[in-house]
Amino acid sequence: MPLTKAELSRVRSLKEKKHREERRLFVVEGEKVVRELLQSGFPLVELYATQPAEFRAASIPVHAITEEEMSRISHFPTPSTVLAIGRLERKELVDGELQSGLTLALDGLQDAGNVGTLLRIADWFGFDRVLLSPDCADLFSQKVINASMGSFSRVRTFSTDLAKALGGVGPGVPVYGCDLQGTPVAEVRPARDAIVVIGSEGRGLTPAVAVRLTERVTIPRFGAAESLNAAVAAGIVCAQLRMGRREE
């Protein structure tokens, strides 16, 4: 049965954050990520597929559509063979939660590719959660989801006022911020409980967040590059927290 105008309009509208928030829905496109979400039990609502037989085992409605219809609802320049609609759910940060475990906090990162990659980094190093300031790229945008390679469904992620959240962190939990000046990253000791704050490449950390740091960390430069990509810098610091040299 052909897609109705209402269905086309609904799916296409989810390209914009305001419509995602209004409908509490978002789009996931691509065979690999959709299969991964189905296997993990992620709350998907329905599927649109040009090869529906491949998804007969799915426990949600599967709509057979033509390639032409897929091109009309796809969020990609080159459409995939499957597009899923997921339920948009945002978690609330619990008071005192930042006192334990490892947290990666993103301060104003607007590049969707970087945000998705940072979710993968948090997933790779087993961080307990990721915080995003409200002005970060939207977690439920197609670019963030694709760049995360499925990690967005495994990492506990919160959109929150970072300055306020960090202000509630008690003593004993270091809050590290990447900066051009600070403690060399090799001197940072591994920790079970810590927070790593990453600012945008253009402006760095916002003043309200910077004052919440307990220590600034720098990655020594040996070449002529002006700066490191935010995700690369985060990966280096996260690796140090997990695997750096421990005192005997």
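Everything discussed here concerns the structure shown above.
Before going into details, it helps to say that this report is about the structure given with it. (Residues numbered from 1 in each chain as written. Predicted model: local features only at pLDDT ≥ 70, side-chain atom pairs only at ≥ 80, totals over all residues. Heavy atoms only, no water.)

## Some points on a positive patch on the surface
On the surface, Lys5, Arg12, Lys15 and Arg72 cluster together into a positively charged patch. Structurally, the position occupied by Lys15 is in the loop between α1 (5-13) and α2 (17-23). (Patch = residues over 30% accessible without salt bridge, like charges linked within 9 Å, V, L, I, M, F, W, Y side chains within 5 Å. Areas by Shrake-Rupley, 256 points an atom, 1.4 Å probe, with all protein chains shown as cover. Salt bridge = Lys/Arg side-chain N within 4 Å of Asp/Glu carboxyl O. Lys, Arg positive; Asp, Glu negative; His and termini not counted. Charge placed at Lys NZ, Arg CZ, Asp CG, Glu CD. Helix = DSSP H or I, 4+ residues; strand = E, 2+ residues; numbered from the N terminus.)

## Examining the sheet that holds strand β8 (residues 175-184)
Pairing is parallel in the open sheet, where six strands are placed in the order β7-β6-β5-β9-β8-β10. Each end of this open sheet is capped by a strand with a single partner; those strands are β7 (157-159) and β10 (215-218). The average undirected angle you get between the axes of adjacent strands in this sheet is 35°. Sheet analysis places β8 next to strand β9 (residues 194-199), joined by three bridges and oriented parallel. What sits directly across from Val175, in β9, is Ile195. In this fold helix α5 (residues 112-124) packs onto β5 (102-107), β6 (129-132) and β7, with an angle of close to 170° to the strand it touches most, β5. (Pairing = 2+ DSSP bridges. Axes fitted to C-alpha atoms, helices over the stretch in contact; angles between N-to-C directions. Contact = heavy atoms within 4.5 Å.)

## Describing the packing of α5 against helix α9 (residues 230-243)
Orientation of α5 relative to α9, taken along the N-to-C sense of each, is 15°, at an axis distance of 9 Å. Relative to α9, the element α5 lies roughly parallel. Viewed along their axes, α5 and α9 form a crossing whose handedness is right-handed. Between α5, through Asn114, Thr117, Leu118 and Ile121, and α9, the contact on the second element is made entirely by Ala230, Ala231, Ala234, Gly235 and Cys238. Considered class by class, the residues forming the contact of α5 with α9 number six nonpolar, three polar and no charged. (Parallel < 35°, antiparallel > 145°, perpendicular 65-115°, else oblique. Left-handed = near helix turned anticlockwise from the far one by under 90°. Nonpolar A, V, L, I, M, F, W, Y, C, P; charged D, E, K, R; others polar.)

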